[in-house]
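Listed below, chain by chain, are the residues.
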Amino acid sequence: MANHKQSKKRIRQTARRTAVNTARRSRIRTFTKQVELALQAGDKEAASEAFSKAQPEMQRGVTKGVLHRNTAARKISRLAQRIKALG
């Protein structure tokens, strides 16, 4: 257990940040899953619409430090490629 004031504060900050990051990561996964489901259904229009909502969420995750820049770029690229292949 923490003994110093600053240590106790850091524990509180870490818990709060962990909760926020978990929510952000979950939100990104939800939007990505919507694209995946539309792709499985073969609905290009729905997939494109879901992708246009998922892309900014991933980019926001990068700026907030939840995702690595290259990871987000790779996932966005692969989803775009799959949507394009539906045509």
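Procedures and definitions
- Residues numbered from 1 in each chain as written.
- Predicted model: local features only at pLDDT ≥ 70, side-chain atom pairs only at ≥ 80, totals over all residues.
- Heavy atoms only, no water.
- Helix = DSSP H or I, 4+ residues; strand = E, 2+ residues; numbered from the N terminus.
- Rg over C-alpha atoms; globule rule 2.2 N^0.38 Å.
- Buried < 20%, exposed > 50% of the residue type's maximum accessible area, 1.4 Å probe, protein only.
- Contact = heavy atoms within 4.5 Å.
- Expected span 1.5 Å × (residues − 1).
- Salt bridge = Lys/Arg side-chain N within 4 Å of Asp/Glu carboxyl O.
- Core = buried A, V, L, I, M, F, W, Y, C linked by side-chain atoms within 4.5 Å.

(A) A look at the overall build of the protein chain. For the protein chain, the count of helices and strands is 3 helices and 0 strands. Listing each helix as α and each strand as β along the protein chain from the N terminus yields α-α-α. The C-alpha atoms of the protein chain give a radius of gyration of 17 Å, which is well past the 12 Å a tight globule of 87 residues would have. Taking the principal axes of the C-alpha coordinates as reference, the protein chain spans close to 60 × 20 × 15 Å. The burial tally for the protein chain puts 25% of its 87 residues in the buried class. Considering only intrachain contacts with a sequence separation of at least 6, the fraction spanning at least 24 residues in the protein chain is 56%.

(B) Here's a closer look at helix α1 (residues 5–41). Its 37 residues place the ends of α1 54 Å apart at the C-alpha level, agreeing with the 54 Å of an ideal helix rising 1.5 Å per residue. Against the buried residues of α1 lie α2 (44–63) and α3 (69–86). A positive backbone phi angle near 80° is found at G42, which sits one or two residues after α1.

(C) Local environment of the pattern of salt bridges. Applying the stated criterion across every chain, the model contains 3 salt bridges. Where R82 meets E36, a salt bridge forms, and the shortest distance between an N and an O atom there is 2.9 Å. Highlighted residues: R82 in helix α3 and E36 in helix α1, separated in sequence by 46 residues. With a relative accessible area of 38%, R82 lands in the partly exposed category. For E36, a relative accessible area of 25% translates into the label partly exposed. A salt bridge links R60 to E57; the shortest N-O distance between them is 2.9 Å. Highlighted residues: R60 and E57, both in helix α2, separated by 3 residues, approximately one helical turn. For R60, a relative accessible area of 42% gives the class partly exposed. Where salt bridges share partners, they join R27, E57 and R60 into one cluster.

(D) Region of the structure containing the nonpolar core. The biggest cluster of nonpolar side chains holds 15 residues, and the ones touching the most others in it are V35, L39, A47, F51, M58, L79 and I83. Of all elements in the fold, only α1, α2 and α3 reach the threshold of two or more residues within this core.

(E) Here's a closer look at the environment of A2. Take A2: it is sitting in the segment before α1. Taking the relative accessible area as the measure of exposure, A2 reaches 15% and is therefore buried. Distance in space between the C-alpha atoms of A2 and G65 is 26 Å, their sequence separation being 63 residues. Not counting residues within four places of it along the chain, the set of residues in contact with A2 comprises S7, K8 and I11.

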